[in-house]
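Per-entry structural report
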Amino acid sequence: MPIVNVKLSPKKLAPFGKKALAAAMFQKGAHFVGASILLRQKSGFHDVVLHLLAQGFEVMQKGLLLARDYDTFRPQLRKLGHDLVRGADALHSAYKLKPMKKNLREELQALSDHYRDHKLRYAGIQDLLGLPTRELKADLVLRQATALMLLARRVFK
């Protein structure tokens, strides 16, 4: 039986494929957020709840950016990295959304700082010293994630 090697490249996708890839990315992010909510309801480890929320928020934002203009934003995704605020700023600019309110921006920045530095994913000195992440709030970020889901309904219909 012959073996066929196929090399797929996201750079050579047709418009339908680009939109489908953006939608799949958004869906993965939404599922991370959903997992965060379920774990929170079951009194799961707070750091893991926050990590899942941050990861979902990041991936949802990137999916929406790809949906807006795949060719422009695909090369920028690595530059955005795990910085949730930078991603939010890019999203707000791309979709011409209202600027974030100060309290949301501050909460998102605090979550982003912990997420970007992997303080929520891995054990570190903060765990030995008992530095609580319980004080790290994310209710506004969760509401913003819900707003992204509403935006996605319009974008991916």
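From a predicted model like this one, the values you see are computed outputs, not experimental measurements. (Residues numbered from 1 in each chain as written. Predicted model: local features only at pLDDT ≥ 70, side-chain atom pairs only at ≥ 80, totals over all residues. Heavy atoms only, no water.)

All right, on to helix α6 (residues 102-116) then. The first and last C-alpha atoms of α6 sit 20 Å apart over 15 residues, in line with the 21 Å expected at 1.5 Å per residue. When we look at burial in α6, the residues that qualify are Leu 104, Glu 107, Leu 108, Leu 111, Ser 112 and Tyr 115. Relative to the axis of α6, the buried residues are bounded by an arc of 135° and lie together on one face. Against α2 (46-68), α5 (84-95) and α8 (139-155) lie the buried residues of α6. Looking at the residues trailing α6, positive phi occurs at His 118, about 60°. (Helix = DSSP H or I, 4+ residues; strand = E, 2+ residues; numbered from the N terminus. Expected span 1.5 Å × (residues − 1). Buried < 20%, exposed > 50% of the residue type's maximum accessible area, 1.4 Å probe, protein only. Arc of directions from axis to C-beta. Contact = heavy atoms within 4.5 Å.)

For α5, with twelve residues, the first-to-last C-alpha span of 16 Å sits near the 16 Å given by 1.5 Å per residue. In terms of burial, α5 is a largely internal element, nine of the twelve residues being buried. All buried positions along α5 are accounted for by Leu 84, Val 85, Gly 87, Ala 88, Ala 90, Leu 91, His 92, Ala 94 and Tyr 95. The secondary structure elements touched by the buried residues of α5 are α2, α3 (70-73), α4 (77-80), α6 and α8. Capping the start of α5 is the job of one residue whose side-chain oxygen sits 3.0 Å from the backbone nitrogen of Val 85: Asp 83. Once α5 finishes, Lys 96 follows within two positions and takes phi at roughly 55°, a positive value. (Polar contact = N/O pair within 3.5 Å; in protein donor to acceptor, adjacent residues only side chain to side chain.)

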